[in-house]
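Reading the structure
Take a look at the letters that make up each chain.
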Amino acid sequence: MVVGSAGASGSAFGEGTAEEEQFKERLRRTLSGTDASSRVVRASAAAGDMTMSAQTRGNLLMGASLHAALRFAYRLELSDLEAPLLEMMRTGMTDQAIWWTGGVYEGMKNSGEPILTVPEVITSLPTERPYTFADLERDAPAMIADYLRRPNVAVNDRESLAFGGEVDSPAFIEGMCASGTGSGAFWRPGGSGLTLAAPDAAAGTDNAGDLEGTTAPTPPPPFRARLEAVSFRVLRECGDQWNTADDIYWTGSAGSDQQAGSIWRSNEFSPAKEGQTYPFHGNNVVADLSVGSRLGLSLHCWEADQSNAEWYDALTARLNWLCDEIFSNPGFQIGSNLPGGEVAGWIADITQLFAFMLERFRNNDDLSAARGVVLDRYDLAILAQRRDPMVWHFNGDGHHALTVRYAGDQVPFHPGTLEYVVHDGRKWCAPIPVPWESATPPGLVDYLTVLHAVFLRPSDNALMWSKLQNQVWTEPRRIHNLTAAAAPAMVQHGLKLRVVVIGTDQAPVTVTYDAASGWSQPQRLDGHRADKLAPALEHRLGRVYLTYVADGGTKLRHTELADGTWSSPESWPVDVADPASLEFTGSTLLRAHRGREDSRFHLYARGTNGAWQPRGSLGGWELKAGPTLVNHTGGLWAILRGANGRLYTAQYDGSAWNTPQEVPGNALPIRESAASAPGGKLYVMYHR
């Protein structure tokens with residue numbers, strides 16, 4: 001039951017002035033999808049919204065704002081979501097204009113006139129029914145699915161970011177042009193927040209969805225994130241149709257889970273001509289604030305015409321709201337906790353809300369393009385070590401490319417956080433952290449062209465597994481109820497993935513996986529007793545080779561699996577305190593370890609008579625952990641932890657090793673590393 005002062009027509013809205021009628025007509029054309037100048041309409045048309053089911057269209061927050069305006073006009077109590085949306089509208093609209101907005105929306109609903117830019121979950125609501133944060137969470141999946149198929153919404157690959165590649169694809173840049181808006185995030189591993197995916201049925205019978213203890217019980221400490229604008233390049237002028245040069249300035253709002261953040265407004269660049277690059281001199285701090293888990297940005301490129309102080313004040317108020325309410329209100333943070341790329345859908349809806357509100361309060365300054373960006377702790381960690389700045393494209397009325405660099409702190413993580421680096425045959429990428437911790441070094445292998453990792457959960461040494469599928473590490477799952485006393489080893493043989501761990505009773509335990517039936521039941525290798533150090537695995541021609549340390553580091557024991565049976569163990573005297581590593585080069589099985597007394601690299605080759613013969617060394621080079629052998633571009637590689645604790649690699653040409661080379665970036669393994677080289681790329685994973 002409404003409580004407004006309705007007139008004879010049954011509406012709370014009366015007749016208006018010419019100004020009111022102009023306002024209403026423009027809003028009506030936006031909602032009906034007939035205003036070709038509206039960025040909201042252009043974005044919806046480019047995405048195919050006009051032909052979509054009304055139930056699945058995006059612009060959810062815009063619809064919630066319209067519903068809030070209608071309920072405000074009837075003096076109804078606003079919900080936890082509607083109240084901050086109303087305050088946002090008040091930064092750029094009088095209460096009278098908000099009443100006009102509600103009146104147009106109500107009139108179109110009552111008349112049955114199509115509302116093509118708002119989802120039916122909003123338009124079908126009775127006025128008496130509030131729209132809450134709980135409703136927003138419920139309706140989010142349909143909204144996200146809509147936005148993620150739009151060409152101006154991008155979910156980017158962290159590996160490409162770590163290699164210094166372009167952030168924006170040609171398709172995304174072109175997709176921005178229709179509406180002048182764009183939004184982006186990076187693929188984030190499953191399990192890094194709220195997950196919408198069902199558990200993997202092949203995870204094993206015990207505790208398949210158990211994630212307790214995988215991530216830190218307390219979050220890592222906050223850090224200072226700072227982004228600076230370096231320069232921008234004019235690729236297409238806004239004023240081409242009038243044959244005039246542009247006067248360009250930039251604005252932005254930033255906020256994090258720690259701080260209701262900062263406002264940025266650059267100096268004005270006049271004239272800004274096509275083909276020219278303009279460096280920023282002062283007023284170039286895009287964001288500078290404390291961050292815990294994520295940073296949100298709303299950035300805008302403007303073509304200035306006849307600005308005045310009132311416009312700048314109102315714009316600052318709007319940006320402050322975007323910062324304080326959207327990026328800092330706990331309800332809105334549901335977007336930043338989603339796995340994968342779903343957060344890009346949230347930032348896209350927020351960007352469209354900004355465009356909608358701007359159209360209700362336009363002056364002579366023209367918004368050329370706007371984009372929203374979400375960077376979480378893991379993205380910022382990559383940027384902190386990436387050597388090249390980023391370029392963000394703003395392709396709207398004009399096309400401008402903004403170059404931004406990270407100038408904040410190195411991002412802290414708890415000890416044990418898993419991290420990996422990639423070599424593409426030419427260079428290394430910056431280290432890429434993932435949001436899980438391990439008690440030991442991980443295991444890593446390419447299984448059926450998909451990279452798989454195993455590690456031990458710190459809280460209970462449970463054996464966990466994940467895979468890098470479609471650019472995303474899947475949510476870690478426990479393998480049955482297995483726990484281990486040392487790091488796991490893993491190898492592919494035939495169509496199976498095999499993992500061996502040293503059990504708490506020091507007996508090796510093996511379990512296999514295949515895509516059809518999942519994980520097998522664990523098998524204990526009776527008659528074997530190992531030290532609490534990681535085993536080593538290798539395979540060739542259907543045979544599996546297993547080596548482990550025994551008798552307090554004084555022996556290496558070796559056994560082989562053929563035709564379903566493990567051989568009796570052979571022993572060789574050594575003096576080690578670290579795991580060994582196995583790798584084939586051709587038909588020759590190689591073994592490497594670090595000496596206990598000399599901390600040197602020792603390499604052996606197994607002869608046809610079964611004896612192990614020395615095969616090259618690294619001279620006096622000192623190691624701080626056991627080496628890892630892997631075949632990659634150019635032959636055999638050794639992955640090493642140097643005396644300074646940093647990650648190194650050395651290459652073997654068949655007769656001698658080159659001098660170890662440090663991996664660029666801040667790669668700091670605690671112990672040994674795991675390595676796999678699928679498709680010409682070398683992946684090295686470690687716990688840092």
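Look up a bit, the structure's there.
As the structure is a computational prediction, the values presented were derived from the model and not from experiment. (Residues numbered from 1 in each chain as written. Predicted model: local features only at pLDDT ≥ 70, side-chain atom pairs only at ≥ 80, totals over all residues. Heavy atoms only, no water.)

Our focus in this paragraph is the overall build of the chain. The helix and strand tally for the chain stands at 12 helices and 39 strands. Here the chain holds 688 residues, and 58% of them are scored as buried. A fraction of 65% describes how many contacts in the chain between residues 6 or more apart in sequence connect residues 24 or more apart. Carbon and sulfur atoms make up 49% of the accessible area of the chain, which totals about 25,600 Å². (Helix = DSSP H or I, 4+ residues; strand = E, 2+ residues; numbered from the N terminus. Buried < 20%, exposed > 50% of the residue type's maximum accessible area, 1.4 Å probe, protein only. Contact = heavy atoms within 4.5 Å. Areas by Shrake-Rupley, 256 points an atom, 1.4 Å probe, with all protein chains shown as cover.)

Here we come to the nonpolar core. In terms of nonpolar packing, the biggest core is built from 67 residues, with Phe232, Leu297, Leu380, Trp392 and Trp473 touching the most fellow members. In this structure, Leu27, Ile98, Tyr131 and Val343 belong to the second largest nonpolar core, which totals 51 residues. (Core = buried A, V, L, I, M, F, W, Y, C linked by side-chain atoms within 4.5 Å.)

Quick look at empty space enclosed by the protein now. A water-sized probe rolled over the atoms picks out the places where empty space is left. On inspection of all chains with the given rule, the structure shows 5 cavities of 30 Å³ or more. There is about 50 Å³ of room inside the second largest cavity. Along the walls of the second largest cavity sit 11 residues, with Tyr147, Asn152, Thr181, Ala348 and Gln352 positioned nearest its centre. Those elements that place two or more of their residues in the lining of the second largest cavity are strand E2 (181-186) and helix H11 (342-360). Considered class by class, the residues forming the lining of the second largest cavity number 4 nonpolar, 6 polar and 1 charged. (1 Å grid on protein atoms, 1.4 Å probe; cavity = no way out; pocket = protein on both sides within 12 Å on 5 of 7 lines; lining within 4 Å. Points joined across faces, edges and corners; volume = space filled by probe spheres on them. Nonpolar A, V, L, I, M, F, W, Y, C, P; charged D, E, K, R; others polar.)

Inspection of the entire model under this criterion finds 36 salt bridges. Of the charged contacts in the structure, one is a salt bridge between arginine 426 and aspartate 424, with a shortest N-O distance of 3.5 Å. In this structure arginine 426 comes out as exposed when scored by relative accessible area, which is 65%. A salt bridge links arginine 671 to glutamate 672, with the shortest nitrogen-to-oxygen separation between them at 3.3 Å. Exposure remark for glutamate 672: the relative accessible area of 10% places this residue in the buried category. (Salt bridge = Lys/Arg side-chain N within 4 Å of Asp/Glu carboxyl O.)

A few words on the sheet that holds strand E30 (residues 581-585). Taken together, 4 strands build an open sheet; the order of strands is E30-E31-E32-E33 and the sheet is antiparallel. The sheet is open, and its two borders are formed by E30 and strand E33 (612-622), each paired with just one other strand. Averaged over neighbouring strand pairs, the angle between their axes works out to 20 degrees when direction is ignored. One ladder, built from 5 bridges, connects E30 with strand E31 (residues 588-594); its direction is antiparallel. Counterpart to phenylalanine 584 in the pairing with E31 is leucine 589. (Pairing = 2+ DSSP bridges. Axes fitted to C-alpha atoms, helices over the stretch in contact; angles between N-to-C directions.)

With that out of the way, let us pick up the packing of helix H3 (residues 60-73) against helix H4 (residues 82-90). Remark: H3 packs on H4, axes separated minimally by 9 Å, with the N-to-C direction vectors making an angle of 90 degrees. The angle between the axes of H3 and H4 places the two elements in the roughly perpendicular class. Of the residues in H4, those in contact with Leu61, Ala64, Ser65, His67, Ala68, Ala69, Arg71 and Phe72 of H3 are Glu82, Leu85, Leu86, Met88, Met89 and Arg90. Of the residues contributing to the contact of H3 with H4, the split by class is 9 nonpolar, 2 polar and 3 charged. (Parallel < 35°, antiparallel > 145°, perpendicular 65-115°, else oblique.)

What follows concerns the packing of aromatic side chains. Inspection of every chain in the model, using the stated rule, returns 24 aromatic pairs. Geometrically, the ring pair formed by tryptophan 250 and phenylalanine 394 is edge-to-face, given 4.9 Å between the ring centres and 85 degrees between the ring planes. One end of the pair, tryptophan 250, is in strand E4 (residues 246-256); the other, phenylalanine 394, is in strand E11 (residues 390-395), with 144 residues separating them in the sequence. Each member of the pair tryptophan 250 and phenylalanine 394 is classed as buried. Taken together through their ring pairs, the aromatic side chains of Phe232, Trp250, Trp264, Phe269, Tyr278, Phe280 and Phe394 make up a single cluster. The ring of phenylalanine 413 carries arginine 377 above its face, with NZ or CZ at 5.7 Å from the centroid. Over the face of the ring belonging to tryptophan 612 we find arginine 591, whose NZ or CZ atom lies 4.7 Å from the ring centre. (Phe/Tyr/Trp six-rings, centres within 6.5 Å; stacked < 30°, edge-to-face > 60°. Lys NZ or Arg CZ within 6 Å of the ring centre and 35° of its normal.)

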